[in-house]
Amino acid sequence: MKVYTACYKNCNHGYAIDTCSSKESIEVFYPTSSWEEIISCNKDISLERLLALFVFEYYDNILKPFNKKSIFKYIKDGFVLLSKEDETEVSHRHILAAYLELFYDIAVREVREIDGRMTIRPRNRYYDEIKNILSTLIKRDIDMKTYTSIAAAVAADVAERVNVERLKNYSIDQNTFFDLATEIEKRNKKM
């Protein structure tokens, strides 16, 4: 699955994940507070703490309520998720991208559209810190078992909960999910 992120000015098509556009939107990803609101309400706090607060609020209010499959009712292969913030600014789209990468092992790329063609852009300077904060929050909420990769732990959890009898109807074995967890874990250890 391929998913992308971009700011409105860099991409003419996609799905808005904030209220600042007349484009087709996915309202379930609208932030409860924007980065600007977080800053304006907390002027005496360091940038690192502001970033942690923003990530925590978006994760806790928007992402955490999803069950492991329901997010894919809203995000499909090839979607470009748009928000107003420039690619160099802090944005909830970066939190959503990090969540998809950590939780589902989906590489989400920032893009810019030039003459109708998408070009991959580097993630901004805040992205790694956003991903680290989010990783810590997610690991508090899920059973990591013996895995170091969140996506591997999620796949193993699905394997344990899956209805084995229903899978037999589709010629799928429960071990498929455990194999997936093992592959994700191996791939993440090589990085």
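Conventions used here
- Residues numbered from 1 in each chain as written.
- Predicted model: local features only at pLDDT ≥ 70, side-chain atom pairs only at ≥ 80, totals over all residues.
- Heavy atoms only, no water.
- Salt bridge = Lys/Arg side-chain N within 4 Å of Asp/Glu carboxyl O.
- Helix = DSSP H or I, 4+ residues; strand = E, 2+ residues; numbered from the N terminus.
- Pairing = 2+ DSSP bridges.
- Contact = heavy atoms within 4.5 Å.
- Axes fitted to C-alpha atoms, helices over the stretch in contact; angles between N-to-C directions.
- Buried < 20%, exposed > 50% of the residue type's maximum accessible area, 1.4 Å probe, protein only.
- Core = buried A, V, L, I, M, F, W, Y, C linked by side-chain atoms within 4.5 Å.
- Phe/Tyr/Trp six-rings, centres within 6.5 Å; stacked < 30°, edge-to-face > 60°.
- Lys NZ or Arg CZ within 6 Å of the ring centre and 35° of its normal.
- pLDDT = per-residue confidence, 0-100.
- Parallel < 35°, antiparallel > 145°, perpendicular 65-115°, else oblique.
- Nonpolar A, V, L, I, M, F, W, Y, C, P; charged D, E, K, R; others polar.

## Remarks on the pattern of salt bridges
Going through the model one piece at a time under the given rule, you end up with 12 salt bridges. As a salt-bridge pair, Arg123 and Glu110 come within 3.1 Å of each other at their nearest N and O atoms. One end of the pair, Arg123, is in the loop between strand S5 (117-121) and helix H4 (127-141); the other, Glu110, is in strand S4 (residues 108-114), and 13 residues separate them in sequence.

## Section: the sheet that holds S5
The pairing of strands in a sheet happens through backbone hydrogen bonds and is either parallel or antiparallel. Spatial ordering of the open sheet is given by S2-S3-S1-S4-S5, a layout of 5 strands whose pairing is mixed. Among the strands making up the open sheet, the edge pair consists of strand S2 (15-16) and S5. In this structure, strand S1 (residues 3-7) lies alongside S4, joined through 3 bridges in parallel fashion. Residue pairing for S4: Thr5 is matched across the bridge by Glu110. Set on the sheet, helix H3 (residues 92-104) makes contact with S1, strand S3 (80-83) and S4; between it and S4 the angle comes to about 130°.

## Structural notes on the environment of Lys76
By secondary structure assignment, the location of Lys76 is in the loop between helix H2 (47-63) and S3. Judged by its relative accessible area of 39%, Lys76 falls in the partly exposed class. If we ignore the near neighbours within four places in the chain, the residues touching Lys76 are Met1, Lys2 and Val3.

## Quick notes on the pairing of S1
Burial within S1 is extensive, with 4 of its 5 residues counted as buried. In terms of strand pairing, S1 meets S3 through 4 bridges, oriented parallel. Following the sheet pairing, Tyr4 is matched in S3 by Val80.

## Things to note about the nonpolar core
Grouped together as the largest cluster of nonpolar side chains are 50 residues, with contacts concentrated most on Phe29, Leu63, Ile71, Leu96, Tyr99, Leu134 and Ile138. Mapped onto this core, the elements with two or more residues apiece are helix H1 (35-41), H2, H3, H4, helix H5 (150-161) and helix H7 (175-190). Ranked by residues supplied to this core, first place goes to H3 with 9 residues. In this structure, Ala6, Ala16, Val80 and Leu82 belong to the second largest nonpolar core, which totals 7 residues.

## Let's talk about the packing of aromatic side chains
The tally for this structure, following the rule as stated, stands at 9 aromatic pairs. Between Phe66 and Tyr74, the ring centres sit 5.9 Å apart and the planes meet at 70°, which makes this aromatic pair edge-to-face. Here the aromatic residues Phe72, Tyr99, Phe103 and Tyr104 are joined through ring pairs into a cluster of three or more. If you follow Arg123 out to its NZ or CZ, it ends over the ring of Tyr127, 4.8 Å from the centre.

## A short note on the confidence of the model for the protein
For the protein, per-residue confidence averages 88 on the pLDDT scale, and residues scoring 70 or more make up 91% of the total. Least confident of the elements in the protein is helix H6 (residues 164-168), whose mean pLDDT is 62; most confident is H4, at 97.

## So, the environment of Ile71
By the element assignment, Ile71 lies in the loop between H2 and S3. Sequence-wise, Ile71 and Glu110 are 39 residues apart; in three dimensions their C-alpha atoms are separated by 19 Å.

## Points about the packing of H3 against H5
Two elements in contact, H3 and H5, have axes separated by 5 Å at closest approach and are oriented at 55°. In terms of their interaxial angle, H3 and H5 are classed as oblique. Together, Leu102, Phe103 and Tyr104 of H3 and Ile150, Ala151 and Val154 of H5 make up the contact between the two elements. Looking at the contact of H3 with H5 residue by residue, the class counts come to 6 nonpolar, no polar and no charged.

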